[in-house]
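Okay, here's what each chain looks like letter by letter:
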Number of protein chains: 4
Amino acid sequence: MVKVVIAGCGTIGKRVAEAVKKQDDMELYGIADVSQTGGLRTVLSEDGPLHGTHLYASNQEGKENLEEQGFYVEGLLEDQLDEIDVVVDCTPPGVDEANKENLYEPNDVKAVFQGGASDDIAEVKFNADANYEEARGEDFVKVVSCNTTSLSRTMSVVDERFGVESATANLVRRGGDIPQDGRGPINSTIPVTEVPSHHGPDVQAVMPELDITTLAVKVPVTFGHVHMVTVDLEEDISEEEAVQAFEDQPRVRLINAGEGYDSTGKVHEMMRDLERPRSDMPEAGVWRETIDVEDGKLRWIHMVHQESIVVPDNVDAIRAMFDMEDKETSIEMTNEKMHIE
Amino acid sequence: MVKVVIAGCGTIGKRVAEAVKKQDDMELYGIADVSQTGGLRTVLSEDGPLHGTHLYASNQEGKENLEEQGFYVEGLLEDQLDEIDVVVDCTPPGVDEANKENLYEPNDVKAVFQGGASDDIAEVKFNADANYEEARGEDFVKVVSCNTTSLSRTMSVVDERFGVESATANLVRRGGDIPQDGRGPINSTIPVTEVPSHHGPDVQAVMPELDITTLAVKVPVTFGHVHMVTVDLEEDISEEEAVQAFEDQPRVRLINAGEGYDSTGKVHEMMRDLERPRSDMPEAGVWRETIDVEDGKLRWIHMVHQESIVVPDNVDAIRAMFDMEDKETSIEMTNEKMHIE
Amino acid sequence: MVKVVIAGCGTIGKRVAEAVKKQDDMELYGIADVSQTGGLRTVLSEDGPLHGTHLYASNQEGKENLEEQGFYVEGLLEDQLDEIDVVVDCTPPGVDEANKENLYEPNDVKAVFQGGASDDIAEVKFNADANYEEARGEDFVKVVSCNTTSLSRTMSVVDERFGVESATANLVRRGGDIPQDGRGPINSTIPVTEVPSHHGPDVQAVMPELDITTLAVKVPVTFGHVHMVTVDLEEDISEEEAVQAFEDQPRVRLINAGEGYDSTGKVHEMMRDLERPRSDMPEAGVWRETIDVEDGKLRWIHMVHQESIVVPDNVDAIRAMFDMEDKETSIEMTNEKMHIE
Amino acid sequence: MVKVVIAGCGTIGKRVAEAVKKQDDMELYGIADVSQTGGLRTVLSEDGPLHGTHLYASNQEGKENLEEQGFYVEGLLEDQLDEIDVVVDCTPPGVDEANKENLYEPNDVKAVFQGGASDDIAEVKFNADANYEEARGEDFVKVVSCNTTSLSRTMSVVDERFGVESATANLVRRGGDIPQDGRGPINSTIPVTEVPSHHGPDVQAVMPELDITTLAVKVPVTFGHVHMVTVDLEEDISEEEAVQAFEDQPRVRLINAGEGYDSTGKVHEMMRDLERPRSDMPEAGVWRETIDVEDGKLRWIHMVHQESIVVPDNVDAIRAMFDMEDKETSIEMTNEKMHIE
């Protein structure tokens with residue numbers, strides 16, 4: 001069984017650790033970190049979902065920090081590298097690069113990096129729906145960011161079925177996550193003044209042929225980005241075909257605004273009512289009523305749960321890198337264990 | 001086994017239904033409602049926590065509504081009243097009173113009402129910690145509101161141990177719940193101009209001897225009220241004694257700001273990381289660092305999860321009304337099944 | 001001099017009243033309303049900008065209301081209709097239609113209506129930049145809404161200079177105005193599920209040839225909508241030409257994000273620091289850095305101060321309806337008196 | 001005439017500069033800063049309220065910065081110290097101390113510091129209502145912070161008239177100002193875990209005899225703190241006497257919630273409708289309906305416009321330090337020029 005360590009137990013790391021733990025074909029060997037956060041303390045606590053997981057320190061100073069803060073530390077990550085197969089590195093940009101150079105490369109340990117990492121950290125950028133095959137056998141893979149993941153999932157099925165001539169996506173980004181209360185804005189809309197924004201090229205990293213342009217703003221919400229999308233199709237289709245395409249995409253969830261789910265807050269409540277862990281929604285959520293086809297143009301609005309959408313793709317990346325399963329099987333396995341319908 | 005119906009499956013109703021379902025000594029006979037909400041649809045869906053629960057219509061018009069909206073309705077609530085023992089009525093103010101008069105009283109069905117109901121709907125106002133005994137054998141009981149519940153829980157243990165001469169609590173209330181996106185304010189603080197506010201007398205409904213005065217404002221947050229409390233004690237105590245009192249109160253949770261839980265957002269994240277259903281926190285949360293004793297005055301700041309704090313008290317109210325268990329046992333049973341430590 | 005009454009002294013009405021008062025070629029005869037709002041009371045108070053303006057009641061019941069609330073009422077609006085030339089009707093939808101039928105038409109009084117009015121209230125929809133000429137001599141004119149006004153101003157100059165083949169605008173709307181604290185959302189993004197949204201056709205009411213499509217969401221801010229715009233041009237142009245076009249449009253303001261004005265909050269502060277009345281910005285504000293030209297596509301992001309942007313167009317509408325000045329002169333006169341550079 | 005320089009042209013500095021400029025008995029000699037902010041650029045722009053004011057650089061590096069950013073700099077502040085009498089120092093904490101040591105003390109220039117400065121920067125802490133006399137002839141004075149100013153103004157009149165036995169104030173603070181969109185929280189309430197909070201001792205710096213205790217939280221609003229206050233009086237009074245006391249205090253404004261001003265947003269709109277510069281409210285605003293007297297306890301809720309409330313006290317501090325006028329005259333002069341009724 002592939003032995004996995006998660007380095008950096010923040011927003012993404014803690015979720016990937018739990019997702020890996022739920023899989024039958026991989027083993028959560030441990031997690032590694034350098035200092036206390038509320039998240040680390042909670043997930044390792046007696047009632048936490050990672051209680052009993054081995055905690056390693058990413059370095060000596062981190063070990064001292066953690067011990068001072070009352071954590072029990074098994075040892076240093078660097079001393080475990082002979083035992084493990086892959087690290088999912090969710091550390092801050094810069095740290096991940098140093099880890100690659102100092103830990104993973106010298107010890108022949110594979111690694112999965114996250115959307116915030118520098119672009120050259122791994123040749124292959126990854127989204128399970130868009131380019132699973134390209135990660136096969138790779139040593140280093142970078143899973144693309146949350147916004148990019150949602151665009152890759154929706155665009156890949158639209159492009160495959162109907163052909164995308166060109167696409168425009170306008171992004172309304174959340175200001176900070178639920179616990180990030182030091183981040184604003186409180187009452188302001190902040191344009192990304194770089195036009196087009198970097199999200200278009202980011203999608204092209206996994207779908208190089210796609211002609212896509214993006215603009216973005218940031219707003220005072222904590223749960224969910226929202227994208228307004230317009231696509232010029234190569235062929236004319238019916239609205240039903242568009243709906244069907246999204247329904248067939250296993251990590252896209254169609255949301256019926258008319259049934260009482262007509263805002264990000266109400267979709268958040270849907271996840272709470274489903275008692276999903278952390279009220280997460282790893283699927284991209286497309287509002288069914290917003291899907292519109294007219295004169296060869298397809299439009300829709302979708303939401304992106306910024307904290308959890310990349311989690312299943314991290315799991316799939318591991319399977320691809322170790323050539324464990326084909327794309328459809330891996331996606332199905334991950335979804336089943338994560339209760340993504 | 002006591003057979004329970006929940007009437008009105010909104011914020012409180014859906015939670016109480018699930019809490020009742022988890023108990024060993026009562027049976028969730030069904031839920032009753034009159035129309036679609038996102039919550040009702042989700043909890044009854046295939047992946048929902050109430051999937052399979054019988055849905056009744058509260059009246060004929062409601063039956064037609066619900067059926068039109070695609071729900072399967074077992075029948076009318078009024079036709080089940082011979083079969084059931086108690087209704088937890090979570091319907092809007094006014095409806096609850098009509099229900100009492102038309103349904104519960106004529107059919108000898110007991111009922112638990114919620115904090116929003118009119119004061120004369122039940123002689124006994126109820127908080128499990130403050131006055132469990134008073135509900136014994138009663139036919140109608142009103143569980144007090146979320147703010148009142150948190151004050152009753154904290155004040156009851158402080159008063160019992162140290163004696164409260166007088167108390168002042170200043171409330172900072174959330175503007176609306178997560179899915180209530182029609183509610184404001186967006187960027188404003190709204191004083192309750194009725195000074196003192198009604199929350200003081202509300203606490204006195206369960207602790208008649210308590211001298212307590214409250215002021216309140218409303219602010220743009222969706223998860224949690226916060227109270228700033230000052231109590232004149234009858235005797236001088238140490239800070240440790242105060243901390244111990246709260247630690248001994250089974251539905252008060254001490255929160256260590258210094259461990260990374262220094263805001264309502266971060267406590268919300270703690271509940272998410274614990275994978276509590278809906279990220280709920282039915283305990284009153286007292287920040288340990290804010291507990292201060294000086295010259296016979298005890299001060300602290302606590303938070304109140306407005307959606308879930310009254311849920312365990314609803315369960316206890318049923319046990320008291322049917323004389324099933326004593327206070328300590330009921331609280332322990334409810335807490336255990338709800339995973340309140 | 002044209003004698004003007006403003007009916008309905010709310011967000012738009014109070015601003016138009018003051019703008020009319022500042023003009024040399026029209027007279028603010030009075031304002032009319034039916035009941036107290038904070039705004040009415042303040043602007044008429046001793047230190048208010050409309051102190052001394054005659055207040056009429058829009059109907060008998062309104063007269064009693066207002067008097068009870070301590071206002072001095074000169075009389076009924078209907079008794080003044082012989083004396084006045086035009087009413088700028090800023091009353092709620094429905095009231096405006098009744099006013100037209102019962103007051104303005106029978107008494108040969110012209111009227112200007114607002115963006116919220118029904119579309120058939122006036123044949124001519126109006127934006128000074130886009131179609132000033134069409135309002136000449138008209139009896140009834142509807143000034144388009146705030147979002148539509150900003151799109152008309154920017155699109156009209158772009159279309160005139162470079163030709164617009166097609167345009168897409170994605171709107172990020174504020175949830176409520178500063179004093180509207182009953183409106184949400186607090187922490188949610190709400191998609192307009194009607195796709196395309198009504199704003200496209202609204203622009204076409206003043207620019208019938210324009211091929212424009214819009215999508216929209218609502219977010220928790222109180223000051224300013226933000227639009228992300230993509231235009232397919234008929235000819236290829238340079239970025240400098242695009243910038244120049246906006247600089248030449250007298251009611252478009254170029255904002256330099258790099259100089260410290262990189263959000264709606266900071267632009268709001270700019271208006272405060274300029275000591276503009278109410279911190280209003282009647283210009284559409286285009287962030288200079290966001291203007292991008294590539295392959296015949298022009299993109300930009302602009303902000304719209306929803307409360308004040310339509311005010312100068314209301315003044316111009318009066319001049320057009322009474323054939324007082326040509327377009328350029330009217331715009332210049334209005335701008336000068338309103339201190340729009 | 002006293003020659004005044006304002007060092008640090010941020011939130012407080014730009015406002016004090018304009019207030020000084022409006023006075024007849026002092027001269028705004030210039031302002032000093034080190035780098036671009038949106039505020040500096042706007043107030044000095046052609047339409048700005050400080051257009052034409054001399055701009056000095058606080059140091060050589062600042063001069064280069066400012067010039068690079070396109071500002072015209074008259075010279076260095078240090079070269080003007082012979083010419084000027086007093087600096088109102090609104091620079092960040094630390095800078096102010098260095099300025100005192102390196103610039104003001106060696107050159108016999110007096111200085112007024114702000115609430116954020118360290119406590120030992122000046123022996124006399126200052127609030128015009130509470131202790132004007134103590135600043136007479138002083139070289140260095142620190143004007144207390146916004147929260148402290150509002151408490152000093154209200155407490156001083158209550159204490160003088162009725163005697164304060166003890167007081168508790170619970171503060172609900174804004175998260176950041178309108179342009180500070182990097183600051184949160186977006187959706188969280190943050191308790192100040194230091195209990196009691198520092199605001200009590202801060203008030204005691206100007207009213208040493210006052211027994212006052214404070215607790216505080218921070219919330220997601222941008223305009224206005226709100227305080228909930230409870231005072232034990234030495235004598236029993238009527239509600240009318242309390243109202244009268246506040247009415248007689250020239251920098252306390254009574255606000256009638258019932259007239260439509262029932263939130264900070266609506267009071268903000270009142271200031272906008274009065275066309276106050278920047279919609280500022282330098283008065284402490286007490287909601288009339290919240291004033292409550294019962295059993296010798298006086299309670300009320302007031303709001304504090306955090307950006308402007310200390311501005312008039314800065315002006316008065318100068319008059320006191322140069323022994324120009326007595327307290328009542330100075331307050332009256334400042335108020336008149338600032339249009340505070």
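Residue positions within a chain follow its written sequence, with the count starting from 1. The naming scheme follows written order: chains are lettered A onward, ligands numbered 1 onward. Since the coordinates come from a predicted model, pLDDT governs what is reported: local features require at least 70, and pairs of side-chain atoms require 80 or more to be given and counted, while whole-chain, interface and lining totals use all residues. Water and hydrogen atoms were dropped before computing side-chain values, which therefore reflect all heavy atoms in the structure.

A. Just the overall build of chain A, in detail. Put simply, DSSP H or I for four residues or longer makes a helix, DSSP E for two residues or longer makes a strand, and each gets a number counted from the N terminus. Helix and strand counts for chain A come out as 11 helices and 16 strands. On C-alpha atoms alone, chain A measures out to a radius of gyration of 20 Å, which is about the 20 Å that the 2.2 N^0.38 rule sets for 341 residues. Counting only C-alpha atoms and orienting by the principal axes, one finds that chain A spans roughly 60 × 45 × 40 Å. Only the protein chains shown count as cover for residues, with accessible areas throughout obtained via the Shrake-Rupley method and a probe of 1.4 Å. Surface summary for chain A: the accessible area is close to 11,300 Å², and the carbon and sulfur share equals 41%. In this tally, Asp and Glu contribute negative charge and Lys and Arg positive charge; neither His nor the terminal groups of the chain are included. To locate a charge, the coordinates of NZ of Lys, CZ of Arg, CG of Asp or CD of Glu are taken. Each charge class in chain A can be summarised by its mean position, and for the 30 positive and 70 negative side chains these summaries are 5 Å apart. C-alpha atoms define the radius of gyration in this analysis, and the globule rule sets the expected value at 2.2 Å times the number of residues to the power 0.38.

B. Seen up close, the domain arrangement of chain A. Residues and elements named next belong to chain A. Per the annotation, domain bounds derive from an automatic or database assignment of domains. Split into domains, chain A comes out as domain 1 (2-143 + 310-338) and domain 2 (146-304). If you average the C-alpha positions of domain 1 and of domain 2, the two centres end up 26 Å apart. Should any heavy atoms of two residues lie within 4.5 Å, those residues are counted as being in contact. With 21 residues of domain 1 in contact, the opposing surface of domain 2 contributes 16 residues. Between domain 1 and domain 2, roughly 1,500 Å² of surface is buried when both sides are summed, and carbon and sulfur atoms account for 46% of that area. Definition used for salt bridges: Asp or Glu carboxyl oxygen within 4 Å of a side-chain nitrogen of Lys or Arg. Taken together, domain 1 and domain 2 are joined by 6 salt bridges. Aspartate 129 is paired through a salt bridge with arginine 153; the nearest N and O atoms lie 3.7 Å apart. Under the rule applied, a polar contact is a pair of N or O atoms within 3.5 Å (in protein, one hydrogen donor and one hydrogen acceptor; residues adjacent in sequence only if both atoms are side-chain atoms). Taken together, domain 1 and domain 2 are joined by 5 residue pairs in polar contact (both at pLDDT 80 or more). Contributing elements (two or more residues each) for the side of domain 1 that touches domain 2: α1 (11-22), β7 (124-126), α5 (128-131), α10 (311-321) and α11 (327-338). Take the side of domain 1 that touches domain 2: its biggest share by element is 5 residues, from α1. Put simply, buried area is how much 1.4 Å-probe accessible surface two parts lose in total, over both of them, once they are put together.

C. Inspection of the relation of the copies chain C and chain D at higher detail. Superposition of the copies used a least-squares fit over C-alpha atoms from residues whose pLDDT is at least 70 in both. With an axial shift of 0.0 Å and an RMSD of 0.0 Å, the rotation relating chain C to chain D amounts to 180°. The transformation relating the two chain copies, once decomposed into turn and shift, fits a two-fold axis. Taken together, the interface assignments show that 100% of the residues at the interface of chain C recur at the interface of chain D, consistent with an identical surface on both copies.

D. A look at the relation of the copies chain A and chain C. Each copy superposes on the other: chain A lies on chain C with an RMSD of 0.0 Å after a rotation of 180° and an axial shift of 0.0 Å. Looking at chain A, 100% of its interface residues are interface residues in chain C too, so the copies touch through the same face.

E. Inspection of the UniProt feature "domain: Glyceraldehyde 3-phosphate dehydrogenase NAD(P) binding" (unreviewed entry) in chain A at higher detail. UniProt positions are given in the numbering used here, feature names are shortened, and annotations may be inferred rather than shown by experiment. Residues given the UniProt feature "domain: Glyceraldehyde 3-phosphate dehydrogenase NAD(P) binding" (unreviewed entry) here are residues 2-146 of chain A. A distance of 25 Å separates the end C-alpha atoms of residues 2-146 of chain A, which is 30% helix and 23% strand.

F. A look at the sheet that holds strand β4 (residues 75-76) of chain D. All names here are of chain D. At least two DSSP bridges between two strands are needed for those strands to be called paired. Reading across from one edge, β4-β3-β2-β1-β5-β6-β8-β7 is the order of the 8 strands in this open sheet, with parallel pairing throughout. The open sheet has two free edges, formed respectively by β4 and β7 (124-126), since each of these has just one partner strand. Here strand β1 (residues 2-7) pairs with strand β5 (residues 86-89) via 4 bridges, running parallel. Bridging from a neighbouring strand, valine 4 pairs with valine 86 of β5.

G. Highlighting the interface of chain C and chain D. Opposite the 41 residues of chain C that make contact, chain D presents 41 residues. The junction of chain C with chain D conceals about 3,200 Å² of combined surface from both sides, 44% of it contributed by carbon and sulfur atoms. Applying the counting criterion to the chain C and chain D interface returns 16 salt bridges. Where chain C touches chain D, the interface holds 25 residue pairs in polar contact (both at pLDDT 80 or more). Those elements that provide at least two residues to the side of chain C that touches chain D are α1 (11-22), α2 (38-44) and α9 (264-273) of chain C. Taken together, the residues of the side of chain C that touches chain D sort by class into 10 nonpolar, 15 polar and 16 charged. Think of it as three bins: nonpolar holds Ala, Val, Leu, Ile, Met, Phe, Trp, Tyr, Cys and Pro, charged holds Asp, Glu, Lys and Arg, and polar takes everything else, Gly as well.

H. Looking closely at unusual backbone geometry. All names here are of chain A. Going from glycine 184 to proline 185, the amide bond is cis rather than trans, its omega being 0°. Summarising the element assignment, proline 185 is placed in the loop between β9 (164-174) and β10 (190-191). Notably, glutamate 275 is not glycine yet its phi reads approximately 55°, a positive angle. Along the chain, glutamate 275 falls in the loop between α9 (264-273) and β14 (284-287). When a residue's accessible area, from a 1.4 Å probe over protein chains only, is under 20% of the maximum for its type it is buried; when over 50% it is exposed; and in between it is partly exposed. A residue is classified by how much of its surface remains accessible, and glutamate 275, at 25% relative accessible area, is partly exposed.

I. Quick peek at the interface of chain A and chain C. Counting residues at the interface gives 39 residues for chain A, matched by 39 residues for chain C. For the chain A and chain C pair, buried surface summed over both sides reaches about 3,000 Å², with 64% attributable to carbon and sulfur atoms. Seen at the junction of chain A and chain C, the total is 0 salt bridges. Those elements that provide at least two residues to the side of chain A that touches chain C are β9, β10, β11 (212-219), β12 (225-233), α9, β15 (292-294) and β16 (297-304) of chain A. Ranked by residue count, the leading element in the side of chain A that touches chain C is β11 of chain A, at 5 residues. A class-by-class count of the residues in the side of chain A that touches chain C yields 21 nonpolar, 13 polar and 5 charged.

J. Local environment of the UniProt feature "active site" (unreviewed entry) in chain A. Residues and elements named next belong to chain A. UniProt feature "active site" (unreviewed entry): in the numbering of this structure it lies at Cys146. Residue position: cysteine 146 is located in helix α6 (residues 146-162). Of the residues examined, cysteine 146 reaches a relative accessible area of 14% and is grouped as buried. Excluding anything up to four places from it in sequence, cysteine 146 contacts His225, Val304, Gln306, Ile309 and Val310.

K. Inspection of the packing of aromatic side chains at higher detail. All names here are of chain A. Think of it this way: a Phe, Tyr or Trp ring, Trp meaning its six-membered ring, pairs with another when their centres are within 6.5 Å, and the plane angle makes it stacked under 30 degrees, edge-to-face over 60, tilted otherwise. What the rule picks out here adds up to 20 aromatic pairs over all chains. Seen in terms of ring centroids, phenylalanine 126 and tyrosine 132 are 6.1 Å apart; in terms of plane orientation they differ by 55°. Their pairing is tilted. Of the aromatic side chains, those joined through ring pairs into one cluster are Tyr104, Phe113 and Phe140. A cation sits over an aromatic face here: lysine 100 above phenylalanine 140, 4.9 Å from the ring centre. Directly above the aromatic system of phenylalanine 322 lies the positively charged group of lysine 110, at a separation of 4.8 Å from the ring centroid. A ring is considered to have a charge above it if a Lys NZ or an Arg CZ atom is located within 6 Å of its centre and within 35 degrees of its normal.

L. Looking closely at helix α8 (residues 239-248) of chain D. Residue and element names in this part refer to chain D. Within α8, burial applies to Ala242, Val243, Ala245 and Phe246. Buried positions in α8, seen along its axis, are confined to an arc of 155° and lie on one side of it. In the core, the buried residues of α8 are packed alongside α6 (146-162), β13 (252-255), β14 (284-287), β15 (292-294) and β16 (297-304). By arc we mean the arc of the directions from the helix axis to the C-beta atoms, nothing more.

M. Spotlight on the side chain of asparagine 99 of chain D. Turning to its location among the elements, asparagine 99 of chain D is positioned in helix α4 (residues 95-104). Excluding its chain neighbours within four sequence positions, the residues that come into contact with asparagine 99 of chain D are Asp89, Thr91 and Tyr104 of chain D.

N. Structural view of the pattern of salt bridges. All names here are of chain B. Within the structure shown, the criterion is met by 132 salt bridges over all chains. Between arginine 319 and aspartate 25 there is a salt bridge, and its shortest N-O distance comes to 2.6 Å. Here arginine 319, found in helix α10 (residues 311-321), pairs with aspartate 25, found in the loop between α1 (11-22) and β2 (26-33); they are 294 residues apart in sequence, far enough to count as distant. What makes aspartate 25 buried here is its relative accessible area of 14%.

O. Representation of the side chain of histidine 305 of chain C. Note that histidine 305 of chain C resides in the loop between β16 (297-304) and α10 (311-321). Residue histidine 305 of chain C is classed as buried on the basis of its relative accessible area of 0%. Only 2.7 Å separates the side chain of histidine 305 of chain C from the side chain of serine 308 of chain C, close enough to count as a polar contact. Not counting chain neighbours up to four residues away, the residues in contact with histidine 305 of chain C comprise Arg15, Phe223, Asp280 and Met281 of chain C together with Arg272 of chain D.

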